[in-house]
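Notes for the structure review
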Amino acid sequence: MAAMSNTTGATQKIWRDGVLVDFSECTIHVMSHVVHYGSSVFEGIRCYETPSGGAVFRLRDHMRRLVDSAKIYRMDLRYSVDELCSAVVDTIAANELKECYIRPLVARTGMQMGVHPGNAPVETFIICWIWGRYLGEEALERGVDVRVSSWRRAAGSTFPTMAKAGGNYLSSQLTKMEAKVDDYVEGIMLDVNGHISEGSGENLFLVKDGVLYTSSIASGILQGITRNSVMRIAKDLGVEIRETPLPREMLYIADEVFFCGTAAELTPVRSIDRITVGEGHRGPLTKAIQQRYLGIAAGRIPDPYGWLTPVPVPAGAAK
Ligand code: PMP
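Below is a summary of the structure that appears in this document.

**Topic: helix α2 (residues 59–72)**
An ideal rise of 1.5 Å per residue puts 20 Å on 14 residues; α2 measures up with 20 Å between its terminal C-alpha atoms. Taken as a whole, α2 has its buried residues at Leu59, His62, Met63, Arg65, Leu66, Ser69 and Ala70. An end-on view of α2 places all buried positions within 155° of arc, on one side of the element.

See the structure below:
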């Protein structure tokens, strides 16, 4: 087979079950269970460049969620949280990266047809790439224009929403593609009861009369790690937070709305269904939380939460 060229932006070394393999060798077969039935779970993590080198944001929390996702789907993930954390740090260091996005993936890569995975082998991968601002460079300040999706977020009784599973993202793809076709940056899914759920790859917050609102886990959201970071920062800023089912119209009358997620970080929403949110740009509470979040992640502000895991610079690497 001809060597596969790397047009994905992924770095050269990929961790595959304990071995760092070359990008071109890291392939799976078309008869793998995961290709046909979506049987994978994964994570998305960021490593930020800080004044003292690269640091991974909330690594342990991401790996705990990966282990939980695998458990829900009865996948035999053979690594502990500690082993997975070390593997991530090793992979970043081997690729000599200071800043990157990290994608751990656990997949049923064994050849097995039929829905039942049987003994199809499960493999674990850790891939890195450089990923800039997910919703656009200007989005963090100016905000994005979004719509309410015509697709509902799956109820927890159809797909477990606490698992970050590959198959869940079919519904996210429908939401994202529908939004893009009509020139919106993103879509907001409602839950099966019509309450606000989340974006295709982000959780959502609203501000109304100084109170910070976010959907509860009963609305089928992924329990985002960034969402949790936002709530901890807001609490320490003395902001009142309400986690509750939210009616759709709160989107239109909120003073501020923002998305949050590892890829999207904290991105303000400036209009929804062509209705302007607040003043039509990043609001003051969004700005305060966003600056604290990004400041801690990039090591510009002291980290009181223990959220950063340093990545050592490999011996002999260019500084
Ligand atoms: N919801 C969905 C559907 C997501 O894909 C993500 C990204 N993982 C999030 C929310 C945000 O989660 P986190 O903050 O842990 O990245």
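Having seen the structure, we can now continue with the description.
**Digging into the side chain of His62**
Tracing the backbone through its elements, the reader meets His62 in helix α2. In this structure, His62 is in contact with Glu43, Gly44, Ile45, Phe57, Ile225 and Thr262, ignoring residues within four places of it in sequence.

**Observations regarding the state of the cysteines**
Considering all chains together, one arrives at zero disulfides under this definition. Of all cysteine sulfurs, the one in Cys128 lies closest to Cys26, which takes part in no disulfide; the gap is 12 Å. Free of any disulfide, Cys47 has its nearest neighbouring cysteine sulfur in Cys100, separated by 4.8 Å. Overall, Cys47 belongs to the buried group, its relative accessible area being 2%.

Rules and cut-offs
Residues numbered from 1 in each chain as written. Predicted model: local features only at pLDDT ≥ 70, side-chain atom pairs only at ≥ 80, totals over all residues. Heavy atoms only, no water. Helix = DSSP H or I, 4+ residues; strand = E, 2+ residues; numbered from the N terminus. Expected span 1.5 Å × (residues − 1). Buried < 20%, exposed > 50% of the residue type's maximum accessible area, 1.4 Å probe, protein only. Arc of directions from axis to C-beta. Contact = heavy atoms within 4.5 Å. Disulfide = S-S within 2.5 Å.

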